[in-house]
Amino acid sequence: MKQKTLRELDLAEERLEAAHSGLAATFAPAAEIVASELRDDQVIEWAEKGLEMAEQSVRSWEAAARFFEVSPAVARMMPFNYFMKWADCGSELCMESPTLAVSYFAASPGAMSRLRSRHIETWANLGRGLYKGTWKSSALATRFFEASPKLLATLTVPEMERFAGLLGALSHRSYDMAAECLAISEDIFPMLGEDKRAFIRLGASLTETTWRQVKGLFESVARALPAIQPDQRARFLRLAQGLQDSGKANLPAAISSAGQAMSQLDGEHHEPILGMGETLMKKTPGAVPSFIESCPRALEKVSISQLSQWFEQGVGILDLNEDGGLAYFRIESAKSHEALEILSSSVELSRIKDVMEMYCLALAGADVKLAASNELADKNIGWVSDEAPTTEGSTVYLPAQEGRYPTKEENFALYKVVSTHQVAHLEFGSFRFRYDLPSTLFDDLRPQIAAVPKDRDAQAAEGGWATDMQRFFDLFEERRLALDVFTIVEDGRLDAIVVSDYPGIRTSYLAVQDGALKSRPDIRSLPAREALVELMVRLSLRQESGLAAPAKYRDEAGQVAALARKVATPTAVVEDAAEATLRIYAILSQVPNEETAPDDWEEVDVSDTEGAEAGLDDQQLLNQLTQQSEEGQADEQEYNPSQDVDYRGEFKPELGQMMTELRMQRQEQPGDQEGEQITQEMLEEMLKSSAEVDLESGEGGTEEATGAFADNMLKEAGLNMPQTPEMGQGPLVHLDEDGGPLNPDEPQTFVYDEWDFRADDYKPRWCIVRQKTMAEGDAGYFGSTLHSYGPLADQIRRQFEMLVPEMFRKVRKLEDGEEIDIDDVIEAIVDIRTGAGPSEKLYWKRNKVQRDVAVVFLLDTSASTAEAIEEAKKVTDDWDAPSDPVEYMVWLRTRRGEGMRRSYKRIIDLEKEAMVLLIHALEAIGDVYGIYSFSGYGRENVEFYTIKDIDENFSERVQRRIDRVAPLHATRMGPAIRHATSKLEAQDARTKLLFLISDGRPQDRGYSREGVEKEYAVHDTRMALDEALDKDINAFCLTVDKNGHDYLKTMCADMGYEVLDDIYTLPNRLLYLYRRLTI
Amino acid sequence: MTTRTQTLYRSYIIEEYHLADEPYYVPVGDEIELFEAAYRQRIPILFKGPTGCGKTRFVEYMSYRLGQPLTRVSQRSGEDADDSDVQNGHRNIPLVTIACHEDLTASDLVGRYLLQGDSTIWIDGPLTRAVKAGGICYLDEIVEARKDTTVLIHPLTDHRRILPVEKRGELLEAAEGFLLVMSYNPGYQSALKDLKHSTRQRFVAIEFHPPPPEIESQIVEHEAGVDRKTAEQLAKLGEKVRNLREHGLAEGASTRLLIYAGKLMAQGIQPRRACQVAVNWAVTDDSSIHSSIAEVISSIFE
Ligand SMILES: Nc1ncnc2c1ncn2[C@@H]1O[C@H](COP(=O)(O)OP(=O)(O)OP(=O)(O)O)[C@@H](O)[C@H]1O
Ligand SMILES: [Mg+2]
């Protein structure tokens, strides 16, 4: 420092001391530090600023003292011009109020570290704006500065401005309250995420309306927020805003109790509940607090999905009656209680699906699946109900939830009854109906029906029905009536079998039948023909007495009842149901659907079945069947289809049999089926004539609807009819996916089948695996990776070495050992006696079994493995540098290279590192191992890279190859697994292991049904893993995909798998698992 | 003080063990004809099938049946049949059963020298005894035996029908009635433990499957002493549980388990409970499959 400068500073010091004694002592040490940071002229400018301030007024020396005190710290944070700006702002504040300036300076080091230099003035003005010359305003402004470092840690400058605005507005009402709110806000802001404005706005609007509540608001928010999931807090506050805007409630109280409620809820539920709150807010804001407060109580009874059902019902009530709705959401209304009761005792399909699916599988003895009814409706193949139970021949569809009964047990029993009935269609052959097969209970009419009436034999003329069921229903003019009759008779037959074959379920079955009776229409309210149909329904539900029929048709009623009951026996077959249907239909066709006067009804005695049947004459029935119907009488009503029996649901025999046959057709090899293939035309013909589909309901004309249904059915059966390209296939379908089997065209290519789960069969020779050897990169990668893991690598290796002598086995005939073998000793003595030379090998011992493990590691190198994972926490420092000079150079290069290219790690990098550690460890114990990576695009290009072939010895070349492992294309796992399996198959080890390391679900172009169905890939992969298991190869999947659980459960049903939450644990975990799996 | 001792067990000399009473056996297919034909031609027989489906019972039955006059086999001339063996025209065919295990050695099968006082005596192993006595030798779970042991039976199972007894330096020619029968459950064998082809191809294989419900219910009724209806329900349960094979169950419920369940019921245990303990827990440890089977049980039994 120049002499001149020193002198000037000395001078300043003197003047300062003059302004206030002791000030010099503050100045001197500060000046020393500041001088080391600034140029001489700047130091002087700074000193003068302080001096100026000190001399401003009587008390301004305090501000100056603080200014000097913090200057060293602040000077370091900003360029000199801003530093002076800062001083000027302080100086100006000091002119207003030295106290203000003191707090400004005191807060500066903390605030400046968070504030950009250009915002200094804004900040100073915010505090200054709060100062109104009064003592109280001074206190508020001072507090503001004091709080600033903390506030600025979470608020941006614009937010800070808004917040100061709020404080200002509040201070117009009460300075004390503003100050208190300021204090509380220090705790609130850190709890808010990105969105602080929601809160500030809330405060501002409350200040405008009911300012006295603002402090309450701050307090309640501070209490409520910690209980709410961080990402949901802003939503919560926005709801509060909504409430505030509606002007209805005492906001602080509402927030308090809502927060209280939220704190009792599972964090996972915050999101859906606030979602419901938002819906409600749009309708009736006043109901929102009650709703949220009621949630903990409601959730004690019901699941979150059921809660949303309860909510929906409440919204419905609210629409009708606001007060009723409000009471509902407070769970104060009877309706609300009732709704919760019903929901809480109801059973959700998703919870029982696995158990019931196995149950159905056991009963049916065929591959039956279970699904919710709406899934079938979504397929658009003719079934429309979202709730009715049904089956289409391979899957049993059930309602998503059952809550009809007051207890869970009863509702579960209902599910069981419903499933048992549906599966009975499969178990007892509803869809196995054959037109030409004789019945067991009747003289068959079918062969005797010589010709069906005109206009219905069109199909016959064309020479074929697609299914036997279609042929059967073609016999009837009024197909809908025939369908109703057949449904009732067949369901009655199945129920009779179930109740007799499964005595254990009888009680609940009968109870459900009783229940079903209650929701049947009153027979006496129906026209004659419908009345007789309803009579049959009730009979099939075991109603024995109180059955009515029009007196006029007393005999017909008796006959119909007798026929229906005849089939309701455990030995009846589906053909019996068909024969009964023919007869009943013939009888009903003679009964006009006319009204009956209340007095003309009569109770029917259904016990005399024999007498009733005796009145039937086959020939006459045949005549009635083939007769053209006469013109309806004037008072005849149109026939209204019979209402489905609730637990039996929808029965569609024609569609069901069609689907069954289509599936069979899919499994047949082309050329070896005896019958004719079902074509799209035949399918459409069936659909048009069938009474089971409603072609009018869909969009577009009948013609279009038929085409769409037929298309969907074919797809559903896995029969994607070969189409010409111009027929316009979806963009997702690739031509090659429709092609046929492939042939390996080059050496080192292998062809594998692929599993099509829809078709339940393999697509033969579907994928080509191209095996290549990984290109070679830098050998240094291996060493440097090992090095970066430091002592850990060696520790892992030692753990592996300890693995070796894990198993023991008795070995005999040793010269030395644990114990003498008595058999051998006797033998030796015998030898001595007989004069032969005795053996000296008389001992046995438990010996180490040679570890005999062969393993293949399969690395997923799909493009997604290039994804970055957040920067490693571990910072490698230079101590890690290899000592070997050559390695060192490489190490340096990679480090620099990495620094330039990317500073983040990718999934694949961790996969590679894991491989390096693994090789290091495996070489210690001598297991046979191979490492391969796979990727590919399309089924003809599954790339399979050898990093270390299973028979190959570890070498520098292997090290080089690892370096080159890089993300490639898609993930077609199935063929890669099959190829790896073939490698292991060729090995002769006791334990064989296939280790799959991946980053996500299998995915590839066309690796799906029509390119959209993820399940396809998952199932094929699963099948490939199953195949490995069949070959005694244990498979294990390790994935870093957090969403892995959902598909891995299917994919690795019988195998082990693990989802890594933290990808950084991959190398460690892999080694751990490997050890555990091979012991 | 007098002590009375009472023999609480019966012991048999191996080759004297034969079945006095006809074992209960219900044929499921043509296995009886096949066995008889093979026996007449002295072709060794391999039983393949899951556990508890009647393999052991069948070989017992056949050894009894073949001793009956109708199917009586001609004896080798020169060997005089011991009169005690022939009663009422019934010549007993001894049944020697050997359970195979990993440590089974050749000496265990063929025999070994033992010391007795100052001298040594030779004791025949069970296989040698069966060979000499002309009995049926039943090797249960043959795949469990070590491969070197398995090879021992090769000369016995081709046209030579000899057993080399190395230690004594002799070759034993099998007596007329001798036949080797082995059993093998392909279900849970690992590929490593598979039979050698040279062994396998010395046998004709008779396959055993769980009997169809009509027959199985008959067996259960007889063996467990339950009524017809219960037996039918048990057979139904067996059928339904077997439907779950390949859907998570390694093996279905065997006839033996169904009989156990029936026996418990005959002792007064509640049917559902009996099936739980005898069938459900025996076939699976997987809780989901377990619940499903429990539902099947509760549908079938009241
Ligand atoms: N066809 C049959 N006739 C009579 N009883 C049978 C029949 N099949 C099975 N059993 C009964 O089943 C029981 C089990 O059969 P057995 O012990 O013969 O089975 P196994 O096939 O030898 O089984 P493992 O392979 O486990 O030894 C028998 O005790 C018998 O009661
Ligand atoms: Mg046995």
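Values in this document were obtained by computation on a predicted structure and should not be read as measured data. (Residues numbered from 1 in each chain as written. Chains lettered and ligands numbered in written order. Predicted model: local features only at pLDDT ≥ 70, side-chain atom pairs only at ≥ 80, totals over all residues. Heavy atoms only, no water.)

Undergrad: Sorry, what's going on with the overall build of chain B here?
TA: Scanning chain B from N- to C-terminus turns up eleven helices and eleven strands. Across the 302 residues in chain B, those meeting the buried criterion constitute 48%. Considering only residue pairs separated by 6 or more positions, chain B has 72% of its internal contacts joining residues 24 or more positions apart. Summed over its atoms, the accessible surface of chain B is roughly 15300 Å², and 48% of this surface lies on carbon and sulfur atoms. (Helix = DSSP H or I, 4+ residues; strand = E, 2+ residues; numbered from the N terminus. Buried < 20%, exposed > 50% of the residue type's maximum accessible area, 1.4 Å probe, protein only. Contact = heavy atoms within 4.5 Å. Areas by Shrake-Rupley, 256 points an atom, 1.4 Å probe, with all protein chains shown as cover.)

Undergrad: Help me understand the interface of chain B and chain A in this model?
TA: Put simply, an interface is often sized by how much accessible area is lost when its parts join up. On the side of chain A, 30 residues touch chain B, which itself brings 33 residues to the contact. On the chain B side of the interface with chain A, the three residues burying the most area are Leu115, Glu295 and Ser299 of chain B, jointly 20% of the side's total. Our enumeration of links across chain B and chain A arrives at five salt bridges. With a shortest N-O distance of 3.2 Å, Asp823 of chain A and Arg112 of chain B are connected by a salt bridge. For the pair chain B and chain A, the number of links is 13 residue pairs in polar contact (both at pLDDT 80 or more). (Buried area = accessible area lost by both parts, 1.4 Å probe. Salt bridge = Lys/Arg side-chain N within 4 Å of Asp/Glu carboxyl O. Polar contact = N/O pair within 3.5 Å; in protein donor to acceptor, adjacent residues only side chain to side chain.)

Undergrad: Even after reading the chapter, I still don't get the sheet that holds strand β4 (residues 395–398) of chain A, so can you show me in this structure?
TA: Across a sheet, strands are paired by hydrogen bonds formed along the backbone, either parallel or antiparallel in direction. Residue and element names in this part refer to chain A. Sheet architecture is open: three strands sit in the order β2-β4-β3, paired in mixed fashion. Only two strands of the sheet have a single neighbouring strand rather than two, namely β2 (369–372) and β3 (390–391). In terms of strand pairing, β2 meets β4 through four bridges, oriented parallel. Among the inter-strand pairings, Ala371 is bridged to a residue of β4, identified as Tyr397. Most of the contacts of helix α20 (residues 349–364) go to β2, to which it runs at about 155°, and overall it touches β2 and β4. Against the sheet, helix α22 (residues 408–427) contacts β3 and β4, and its axis sits at roughly 150° relative to β4. (Pairing = 2+ DSSP bridges. Axes fitted to C-alpha atoms, helices over the stretch in contact; angles between N-to-C directions.)

Undergrad: Explain empty space enclosed by the protein to me, please; I cannot follow it from the model alone.
TA: If a probe the size of a water molecule is rolled over the atoms, the empty space left behind becomes visible. All names here are of chain A. A complete count under the given rule lists five cavities of 30 Å³ or more for this structure. Its boundaries defined by the atoms lining it, the largest cavity holds a volume of some 100 Å³. Along its surface, the largest cavity is lined by Phe236, Leu239, Ala240, Leu243, Leu251, Ala254, Ile255, Ala258, Met281, Val288, Pro289 and Ile292. Secondary-structure elements contributing two or more residues to the lining of the largest cavity are α13 (233–246), α14 (251–263) and α16 (287–301). In terms of residue class, the lining of the largest cavity is made up of twelve nonpolar, no polar and no charged. Empty space within the second largest cavity amounts to approximately 60 Å³. Tallied by class, residues from the lining of the second largest cavity come to four nonpolar, five polar and three charged. (1 Å grid on protein atoms, 1.4 Å probe; cavity = no way out; pocket = protein on both sides within 12 Å on 5 of 7 lines; lining within 4 Å. Points joined across faces, edges and corners; volume = space filled by probe spheres on them. Nonpolar A, V, L, I, M, F, W, Y, C, P; charged D, E, K, R; others polar.)

Undergrad: Which parts of the structure should I look at to understand helix α19 (residues 334–345) of chain A?
TA: The α-helix winds at 3.6 residues per turn, so residues separated by three or four positions along the chain end up facing the same way. All names here are of chain A. Helix length check: α19 (twelve residues) gives 17 Å between terminal C-alpha atoms against 16 Å at 1.5 Å per residue, within 8%. Among the residues making up α19, those that are buried are Ser336, Ala339, Leu340, Leu343, Ser344 and Ser345. On the buried face of α19, the contacting elements are α16, α17 (304–320), α18 (322–329), β1 (347–348), β5 (401–402) and α22. (Expected span 1.5 Å × (residues − 1).)

Undergrad: Help me out: how do you make sense of the site of ligand 1 in this one?
TA: Residues and elements named next belong to chain B. Ligand 1 sits among 15 residues. The nearest are Thr51, Gly52, Thr56, Glu223 and Arg256. Gly54 is positioned such that a nitrogen or oxygen atom in its backbone is 3.2 Å from an oxygen atom of ligand 1. For ligand 1, whose accessible area on its own is 630 Å², the fraction buried by protein is 89%. Breaking the shell around ligand 1 down by element, the ones donating at least two residues are α2 (55–66), α7 (213–225) and α9 (255–266). A breakdown of the residues in the shell around ligand 1 according to their chemical character gives six nonpolar, five polar and four charged. (Near = heavy atom within 4 Å.)

Undergrad: Would you mind showing me how to read the packing of aromatic side chains here?
TA: The geometry of an aromatic ring pair is captured by two quantities: the separation of the ring centres and the angle between the planes. Residues and elements named next belong to chain A. In the structure shown here, the tally under the stated rule is 50 aromatic pairs over all chains. Geometrically, the ring pair formed by Phe83 and Trp86 is stacked, given 5.6 Å between the ring centres and 15° between the ring planes. With Phe83 and Trp86 both in helix α5 (residues 80–96), this residue pair falls three residues apart, about one helical turn. Exposure remark for Trp86: the relative accessible area of 0% places this residue in the buried category. (Phe/Tyr/Trp six-rings, centres within 6.5 Å; stacked < 30°, edge-to-face > 60°.)

Undergrad: Would you take a moment to explain the side chain of Ser60 of chain A for this structure?
TA: All names here are of chain A. Mapped onto the elements, Ser60 comes out in helix α4 (residues 60–75). The exposure class of Ser60 is buried, given its relative accessible area of 0%. A polar atom in the side chain of Ser60 sits 3.0 Å from the backbone oxygen of Ala54. Within the structure, Ser60 has its side chain in polar contact with the backbone nitrogen of Gln56 (distance 3.4 Å). Not counting residues up to four positions away in its chain, the partners in contact with Ser60 are Met53, Ala54, Glu55, Cys94 and Pro98.

Undergrad: Just checking my understanding: could you explain the pattern of salt bridges for this structure?
TA: Between side chains of opposite charge, a pair can form as their charged atoms come close. All names here are of chain A. Applying the stated criterion across every chain yields a total of 68 salt bridges over all chains. Here Arg15 ties to Glu55 by a salt bridge, and the two come within 3.1 Å at their closest N and O atoms. You can see Arg15 sitting in helix α1 (residues 3–19) and its partner Glu55 sitting in the loop between α3 (40–54) and α4, a full 40 residues away along the chain. Between Glu478 and Arg529 there is a salt bridge, and its shortest N-O distance comes to 2.9 Å.

Undergrad: Sorry, what's going on with the side chain of Arg583 of chain A here?
TA: As for its position among the elements, Arg583 of chain A is in helix α29 (residues 574–589). Residues contacting Arg583 of chain A, with those up to four places away along its chain left out, are Phe442, Asp443, Leu445, Leu563, Asp618 and Leu621 of chain A.

Undergrad: Even after reading the chapter, I still don't get the pairing of strand β10 (residues 179–184) of chain B, so can you show me in this structure?
TA: Successive side chains on a regular strand alternate, one facing one side of the sheet and the next facing the other. All names here are of chain B. Within β10, six of the six residues are buried, which leaves it mostly tucked inside the rest of the structure. By the alternation rule, side chains of β10 split into Leu179, Val181 and Ser183 and Leu180, Met182 and Tyr184, which are all buried. Inspection of the sheet shows strand β1 (residues 45–48) paired to β10 by four bridges, in the parallel sense. Residue Leu46 lies in a different strand from β10, and its bridge partner there is Met182. Looking at chain direction, strand β7 (residues 136–140) and β10 are connected through four bridges and run parallel. Counted as the bridge partner of Leu139 is Met182 from β10.

Undergrad: So what exactly am I meant to see when it comes to the sheet that holds β10 of chain B here?
TA: Residue and element names in this part refer to chain B. The strand order across the open sheet formed by five strands is β4-β7-β10-β1-β11, and the pairing between neighbours is parallel. Where the open sheet ends on each side, the last strands, each with one partner, are β4 (95–99) and β11 (204–207). With strand direction ignored, the average angle separating the axes of adjacent strands in the sheet is 20°. Against the sheet, α2 touches β1, β4, β7 and β10, its axis set at about 180° to β7.

Undergrad: What exactly am I supposed to notice about the packing of α5 of chain A against helix α6 (residues 98–112) of chain A here?
TA: When two helices pack together, you describe them by how their axes are tilted relative to each other and by the distance separating the axes. Residue and element names in this part refer to chain A. Two numbers describe how α5 lies on α6: the axes approach to 6 Å, and their chain directions differ by 155°. Between α5 and α6, the angle falls in the class roughly antiparallel. Residues Trp86, Ala87, Cys89, Gly90, Ser91, Leu93, Cys94 and Glu96 of α5 lie in contact with α6, whose contacting residues are Pro98, Leu100, Ala101, Tyr104, Phe105, Ser108 and Met112. Within the contact of α5 with α6, the residues separate by chemical class into eleven nonpolar, three polar and one charged. (Parallel < 35°, antiparallel > 145°, perpendicular 65-115°, else oblique.)

Undergrad: Can you walk me through the nonpolar core in this structure?
TA: The nonpolar side chains of soluble globular proteins are, as a tendency, buried together. Judged by nonpolar contacts, the single largest core of 127 residues is most densely connected at Phe472, Phe476, Phe486, Ile584 and Tyr647 of chain A together with Leu237 of chain B. The leading source of residues in this core is helix α25 (residues 479–501) of chain A, at eleven residues. (Core = buried A, V, L, I, M, F, W, Y, C linked by side-chain atoms within 4.5 Å.)

Undergrad: Please clarify how the pairing of β1 of chain B should be interpreted in this entry.
TA: The pairing of β1 of chain B with β11 of chain B spans four bridges and is classified as parallel. The residue of β11 of chain B that forms the bridge with Phe47 of chain B is Ile206 of chain B.

Undergrad: Before we go on, may I ask you to explain the confidence of the model for chain A in this structure?
TA: Note: predicted coordinates in regions of low pLDDT should not be interpreted at a detailed level. With 86% of its residues at a pLDDT of 70 or more, chain A has an overall mean of 81. In this model residues 721–737 of chain A is a low-confidence stretch, pLDDT under 50, and it forms 18 contacts with partners more than four residues away in sequence or in other chains. (pLDDT = per-residue confidence, 0-100.)

Undergrad: Got a minute to help me understand the environment of Leu140 of chain A in this structure?
TA: All names here are of chain A. Residue placement: Leu140 occurs in helix α8 (residues 135–154). Exposure remark for Leu140: the relative accessible area of 1% places this residue in the buried category. Between the C-alpha atoms of Leu140 and Tyr175, which are 35 residues apart in sequence, the distance is 6.8 Å. The contacts of Leu140, once residues within four sequence positions are left out, are Leu130, Ser171, Tyr175, Ala178, Ala179 and Leu182.

Undergrad: When you look at a negative patch on the surface in this model, what are you seeing that I'm missing?
TA: Residue and element names in this part refer to chain A. Side chains of Glu8, Glu45, Glu48 and Glu52 sit close together on the surface and give a patch of like negative charge. Tallying contributions element by element places α3 first for the negative patch, with three residues. Turning to its location among the elements, Glu52 is positioned in helix α3. Given the relative accessible area of 47%, Glu52 is considered partly exposed. (Patch = residues over 30% accessible without salt bridge, like charges linked within 9 Å, V, L, I, M, F, W, Y side chains within 5 Å. Lys, Arg positive; Asp, Glu negative; His and termini not counted. Charge placed at Lys NZ, Arg CZ, Asp CG, Glu CD.)

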